[in-house]
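# Report on the structure
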Amino acid sequence: MIIAVDGPSGSGKSSTARGVATRLGLRYLDTGATYRAVTWSAVDRGLDLDDTAAVAQRARELELEVSTDPSNQFVIADGTDVTAAIREPRISEVVSKIATNLDVRKELIRRQRAVIDAAQSSGGIVVEGRDIATVVATDAELKVHLTADQDARMSRRAAELESGSVTAEQLRDQIVRRDADDATVSQFLVASDGAVTVDSTHLTLEEVVDVISRLAKETVPRGREL
Ligand SMILES: Nc1ncnc2c1ncn2[C@@H]1O[C@H](COP(=O)(O)OP(=O)(O)OP(=O)(O)O)[C@@H](O)[C@H]1O
Ligand SMILES: Nc1ccn([C@H]2C[C@H](O)[C@@H](COP(=O)(O)O)O2)c(=O)n1
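All values derive from a computational prediction rather than experimental measurement. (Residues numbered from 1 in each chain as written. Chains lettered and ligands numbered in written order. Predicted model: local features only at pLDDT ≥ 70, side-chain atom pairs only at ≥ 80, totals over all residues. Heavy atoms only, no water.)

### Concerning the site of ligand 2
How we decide: Definition of nearness: a residue and a molecule or strand are near each other if at least one heavy atom of the residue lies within 4 Å of the molecule or strand. N or O atoms within 3.5 Å of each other form a polar contact, as long as, within protein, one can give a hydrogen and the other can take it, and as long as residues adjacent in sequence are counted only when both atoms are side-chain atoms. Helical segments are the DSSP runs of H or I of at least four residues, strand segments are the runs of E of at least two, and each set is numbered from the N terminus. Three classes are used, and their members are as follows: Ala, Val, Leu, Ile, Met, Phe, Trp, Tyr, Cys and Pro are nonpolar, Asp, Glu, Lys and Arg are charged, and the others, Gly among them, are polar.
As a structural note, the neighbourhood of ligand 2 is formed by 14 residues, with Arg36, Arg105, Asp131, Arg178 and Asp182 the closest of them. Contact distances for ligand 2 include 3.0 Å between a nitrogen atom and a side-chain N or O atom of Thr31. For ligand 2, an oxygen atom lies 2.8 Å from a polar atom in the side chain of Arg105. Those elements giving two or more residues to the shell around ligand 2 turn out to be helix H2 (31-44), helix H5 (95-99) and helix H9 (168-182). If you tally residues by element for the shell around ligand 2, the top one is H2, at four residues. Each residue belonging to the shell around ligand 2 can be placed in one class, and the counts come to three nonpolar, four polar and seven charged.

In structure tokens form, the structure reads like this:
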């Protein structure tokens, strides 16, 4: 079973997808982490992020391991544990440059599909990102478009960050500007064909996990169980 979860920044994709995977005993793939890992590597090597050919070459050469265990998430890039480093503001500020590089996308989509294929033998996977239902796994049995209004998404992100560590302008950049840039290459601002929209604005995380887990159980073909 493949469950695809797409939507804008701060809508709760990672927390929800991880919760659903844990609840249903599935693997979990955070595709955003793959774009962040390439960004970290390009920055670490001092590459010009506007040099699309050099960055794409880096993406192809990078040795990358992204955990699919929902209760033990880690990301290893060329032997370095970058689990925390890829979440730093210096990476979030520039990751869209890498995510809008079409040759990088080609390489990472290839790798993401390999991870998804490998997970089929262990029951299935919950995959979250921006283009999962529309590009990466168009055959997903359940496609969820997870949304929340802009104020909710900004206040969730603010609550995550150390108080006073980020200005209102930086917060807007992390949510609004990043979505606008990312939306130039993926269609995640509206639900794709066949996707169920779940608006999390007024739901707790637990309630969103309940809704999606229920949808997944309703989707499982007769004779199989989740
Ligand atoms: N339904 C919810 N109610 C309240 N807070 C939530 C809810 N869902 C997620 N959160 C919180 O909002 C924050 C952002 O969630 P999360 O990182 O899962 O979003 P995301 O869509 O994956 O964001 P991004 O695409 O930017 O990585 C987290 O601190 C998370 O705990
Ligand atoms: N399938 C995906 C996943 C992520 N991105 C972009 C969007 C963000 O700018 C960046 C990091 O994602 P996040 O960790 O914030 O979810 O990668 C994408 O284009 N396609």
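### Regarding the pairing of strand E1 (residues 2-6)
In plain terms, the rule: When accessible area is computed with a 1.4 Å probe and restricted to protein chains, residues below 20% of their type maximum are described as buried, those above 50% as exposed, and intermediate ones as partly exposed. By definition, two strands form a pair when at least two bridges between them are found by DSSP.
Most of E1 is tucked away, with five of its five residues classed as buried. In E1, alternate side chains face the same way, and those of Ile2, Ala4 and Asp6 on one face and Ile3 and Val5 on the other are all buried. Of the strand pairs in this sheet, E1 and strand E6 (residues 125-129) are connected by five bridges, and their pairing is parallel. Within E6, the position partnered with Ile3 by the bridge is Val126.

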